[in-house]
Amino acid sequence: MNYRHAFHAGNHADVLKHIVLTRLIALMSRKEQPFAYIDTHAGLGLYDLQGDQASRTGEYLEGVARLWNRDDLPAVTADYLGVIKRLNKNGELRYYPGSPELARRLMREQDRAQLNEKHPEDGALLKENMKKDPRVTVHLGEGWHIPRALLPVQEKRAIMLIDPPFEQADELKRCTIAMKEAIGRMRQTVAAIWYPIKDQRSLTRFYQDLTSTGAPKLLRVELYVHHQDSPQGLNGSGLAIANPPWGLEDELKTLLPWLAKELAQTAGSFRMDWLIAE
């Protein structure tokens, strides 16, 4: 329970994760039918980039700060940057939305959010940040129990983000178990696992496990800011997305090359392919 996302808020991995999340919400919103947004490891919901933790690492400077005040951004980044600009109305980049805040601001009146955070301090802050929105429910429990506890949902459609802190060696395995449980309980769930890329070899088993989740289709999306096996540390990040809505793949074909160029630190590249084809 030592991980605090505030140290990493707004970094290159957040940029990828959060732009894709905003596109999942936008594409799901094309239909009038409501959906539920479920976040298994939600964090605070909102981060101060000038606070002690974020300013100590400055990771956001190589992430969202590179996009801030640009006038040549791809159209698919509009929802993402729109939320950030509404949080920073004076034009200074200070506040950064986590996935719960992005979802809350982009959901419609008929949609709802179920957020879970195990860290006691972060959970209390998440509750405080969300208390005025009746569409949002905050749970303070073990994130790995969420697929079994909350699915299926009454809305008949769901986006589930599985984004653990990756403090434990078995968390990639737990991610695939959570996705398998989500698909087993509600087959049409759009379930997205975020994962760090530090050493490609350590991900080999993870990719194999993903293919046995039972998802009808599963898209792998990865963005690298260093060479894939660089000793730098966090070389990139990825999203494994079960049941991605129609249109997402085409959007990412344009977005990923742009992000790889703009967020590269020593070497930018990307990968997108189907681990389970429909």
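For the structure, see preceding data.
Predicted model only: the values in this text are computed from it and were never measured. (Residues numbered from 1 in each chain as written. Predicted model: local features only at pLDDT ≥ 70, side-chain atom pairs only at ≥ 80, totals over all residues. Heavy atoms only, no water.)

J.: Honestly, the packing of aromatic side chains in this entry has me stumped. Any pointers?
T.: Each aromatic ring pair is specified by the distance between its two centres and by the angle formed by the two planes. Overall, the coordinates contain five aromatic pairs when judged by the stated rule. With 6.5 Å between their ring centres and 75 degrees between their planes, Y195 and Y207 make a pair best called edge-to-face. Taken together, the residues span a long stretch of sequence, with Y195 in strand β7 (residues 190-197) and Y207 in helix α8 (residues 204-210) at a distance of twelve residues. An identical accessibility class is assigned to Y195 and Y207; each is buried. Ring geometry for F206 against Y207: centres 6.1 Å apart, planes inclined by 40 degrees, an arrangement best described as tilted. Overall, the relative accessible area of 11% leaves Y207 in the buried class. Taken together, the aromatic side chains of Y195, F206 and Y207 make up a single cluster linked through ring pairs. Above the face of the W194 ring, K17 is positioned so that its terminal group lies 5.1 Å from the ring centre. (Phe/Tyr/Trp six-rings, centres within 6.5 Å; stacked < 30°, edge-to-face > 60°. Helix = DSSP H or I, 4+ residues; strand = E, 2+ residues; numbered from the N terminus. Buried < 20%, exposed > 50% of the residue type's maximum accessible area, 1.4 Å probe, protein only. Lys NZ or Arg CZ within 6 Å of the ring centre and 35° of its normal.)

J.: Teacher, can you tell me more about unusual backbone geometry here?
T.: Generally, phi is negative for residues other than glycine and the peptide bonds are trans, each holding for most cases. Cis geometry marks the peptide bond from L151 to P152, where omega comes out at 0 degrees. Following the sequence through the fold, P152 ends up in the loop between α6 (146-150) and β6 (158-162). Although it is not a glycine, F166 sits at a positive phi angle of roughly 55 degrees. Here the phi dihedral of N243 falls at roughly 55 degrees; this positive angle occurs in a residue that is not glycine. One can find N243 in the loop between β9 (236-242) and α9 (248-263). N243 gets classed as buried once you look at its relative accessible area, which sits at 10%.

J.: Explanation requested: the pattern of salt bridges in the structure shown.
T.: In a structure, side chains of opposite charge can pair up when their charged atoms sit close to one another. Per the stated rule, a full pass over the model turns up 24 salt bridges. Across the pair E62 and R66 runs a salt bridge whose closest N-O atoms are separated by 2.1 Å. By relative accessible area, E62 is classed as partly exposed at 33%. Of the residues examined, R66 reaches a relative accessible area of 24% and is grouped as partly exposed. Ionic pairing is found between R205 and D209, a salt bridge with its closest N-O pair at 3.0 Å. (Salt bridge = Lys/Arg side-chain N within 4 Å of Asp/Glu carboxyl O.)

Structural measurements only, silent on function.
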